[in-house]
Amino acid sequence: MTSAFGPGKVILLGEHAVVYGAQAIAGALERGVTAEARPAARCSLDMPEGLSASVRKQLRCAFDAAADATGRPSVQVRLTSDLPISMGLGSSAALSVAVSRVLMEAAGARPTPRRLGEVAYAMERCFHGTPSGLDHACSLAAGLISYRKAPEKAQGRVSRLSSPVPLQLAVLLVGTRRPARATISALRERKERWPERYARTLREIGRISGEGRRAVLEGDLEGLGDAMNVNHGLLCALGLSSAALDGAVHGLRQAGALGAKLTGAGGDGGAIIGLFDSRRKADNAVAASGLPGFTSTLEDRGRTRREEIES
Ligand code: PMV
């Protein structure tokens, strides 16, 4: 049996604006999706229970895309996940990365980052239509990245980031969310109607991402937190938040978050994140919120390696 893991992600700065060519910053969570492959008569997916008919259809489309791209190795794939689905935490990208890797390994193909990226992107298209690619780039990097893609290009540019201090996050789940596709296309319609105002605001989000990137590299948690707060305000201005999301964001700030915002497509519900300077404070904020949630240190391969060398 072989297995592969794809981490989930949070967008720290720049969701939506990234679709229009702006820079975004994202980090991999400790949680994610594991795909296990066992020898079988033919290439198949053990469909997880409890999924809606539309998610099952997307998952079947995505699995077939990966199976075709890897020559249909004779295995059955089973999925396990500790990520909430469809809440903005990159569950479909995590699944795409885990399944692409396990099928490539089962087929005896070397899972190079480039090839993995191609197969995972083909899967992501079944879930999201034409995603920016940020989610699966972050899951593939399994770390902290900045990402930028010109709207007309198929592939974006990924740079790994390393923070000198750990980024401790509280993640809260607020209500349920309509599909990201619907939120993204409603924004596109508003942008087509009032192009200058919307383009200007999306550009400003890109600038805030650039400032946040510098704050990450300098270990300036207060600067990063402030960039997250301003980014949330701009997402509200674009009509991408809700009273419930805003209430939870304010709750995290009152609980001591250095910055808090919605993460992912937003809309009527979804995940929000708060940045803390200690895991204990993040844990306390989740417990005090009364909402479902969890904490995670954002994976930072650069820092992990430095700590290994120094210890
Ligand atoms: O909510 P999610 O995890 O599907 O993230 C969507 C992020 C967007 O920037 C809104 C879309 C994209 O393709 O990048």
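So, here is what we can say about the structure in this document. Think of each chain on its own: its residues are numbered from 1, step by step along the sequence as written. Confidence filtering applies because this is a predicted model: local features only for residues at pLDDT of at least 70, side-chain atom pairs given and counted only at 80 or more, and all residues used for totals across whole chains, interfaces and linings. The side-chain quantities take in all heavy atoms of the structure and omit both hydrogens and water.

### Some thoughts on the site of the ligand
Definition in use: We define proximity as follows: a residue is near a molecule or strand when any one of its heavy atoms falls within 4 Å of that partner. Definition of a polar contact: a pair of N or O atoms within 3.5 Å, with one able to donate and the other able to accept a hydrogen when the atoms are protein atoms, and with sequence-neighbouring residues admitted only if both atoms are side-chain atoms. Only the protein chains shown count as cover for residues, and the accessible areas themselves come from Shrake-Rupley with a 1.4 Å probe. By the criteria applied, helices consist of DSSP H or I runs no shorter than four residues and strands consist of E runs no shorter than two, each listed in order from the N terminus. Each residue is assigned to one class: nonpolar for Ala, Val, Leu, Ile, Met, Phe, Trp, Tyr, Cys and Pro, charged for Asp, Glu, Lys and Arg, and polar for all the others, Gly among them.
Lining the immediate surroundings of the ligand are 17 residues, of which Lys9, His16, Ser132, Arg177 and Ala265 lie closest. At 2.9 Å from an oxygen atom of the ligand is found a main-chain nitrogen or oxygen belonging to His16. Burial of the ligand by the protein amounts to 94% of the accessible area it has alone, namely 380 Å². Those elements giving two or more residues to the shell around the ligand turn out to be strand E1 (2-13) and helix H5 (180-193). Partitioning the shell around the ligand into residue classes produces 7 nonpolar, 6 polar and 4 charged.

### Some points on the pairing of strand E10 (residues 293-297)
Applicable threshold: Working definition: with a 1.4 Å probe on protein chains only, accessible area under 20% of the residue-type maximum means buried, over 50% means exposed, and in between means partly exposed. If DSSP finds at least two bridges between two strands, the strands pair.
Most of E10 is tucked away, with 4 of its 5 residues classed as buried. Across 5 bridges, strand E7 (residues 168-174) lies against E10 in antiparallel orientation. By the bridge assignment, Gln168 is partnered in E10 with Thr297.

### Here's the deal with the pattern of salt bridges
Selection rule: A pairing counts as a salt bridge when a side-chain nitrogen of Lys or Arg comes within 4 Å of a carboxyl oxygen of Asp or Glu.
Here the structure, examined in full by the defined rule, presents 10 salt bridges. Across the pair Arg114 and Glu118 runs a salt bridge whose closest N-O atoms are separated by 3.8 Å. With Arg114 and Glu118 both in helix H3 (residues 113-128) and 4 residues apart, the pair spans about one turn of that helix. Glu118 gets classed as partly exposed once you look at its relative accessible area, which sits at 32%. Look at the salt bridges and you will find they share partners, linking Asp64, Asp68 and Arg72 into a network.

### Structural notes on the side chain of Ser163
Here Ser163 is to be found in the loop between strand E6 (157-160) and E7. Within the structure, Ser163 has its side chain in polar contact with the backbone oxygen of Val165 (distance 2.5 Å).

### What about the nonpolar core?
Applicable threshold: For our purposes a nonpolar core is just a set of buried Ala, Val, Leu, Ile, Met, Phe, Trp, Tyr and Cys residues, chained together by side-chain atoms within 4.5 Å. Should any heavy atoms of two residues lie within 4.5 Å, those residues are counted as being in contact.
Among the nonpolar cores identified, the biggest contains 80 residues, and Leu12, Val77, Leu79, Leu89, Val99, Leu252 and Ile272 are the most heavily contacted of them. Among the elements that line this core, the one with the most residues is helix H2 (residues 91-106), at 7 residues. Every residue in contact with Ile272, bar those within four places of it in the chain, is listed here: Ala170, Val171, Leu172, Val174, Leu245, Ala248, Val249, Leu252, Lys261, Leu262 and Thr263. Formed by 11 residues, the second largest nonpolar core is a distinct cluster that contains Ala24, Ala26, Ala137 and Ala141.

### Focus on the sheet that holds E7
Let me state the cut-off plainly: Every axis corresponds to a line fitted to the C-alpha atoms, with the helix fit spanning only the stretch in contact, and the corresponding angles, defined between N-to-C directions, vary from 0 to 180 degrees.
The 4 strands lie next to each other as E8-E9-E7-E10, forming an open sheet whose pairing is antiparallel. In the strand order of this sheet, the two ends are held by strand E8 (259-263) and E10, each with one partner. Within this sheet the neighbouring strands show an average axis-to-axis angle of 25°, counted without direction. Each of E8 and strand E9 (270-276) touches helix H7 (residues 221-237); the most contacted strand, E8, lies at about 45° to it. Strands in contact with helix H9 (residues 279-289) are E7, E9 and E10; relative to E10, the strand with the most contacts, it is inclined by about 170°.

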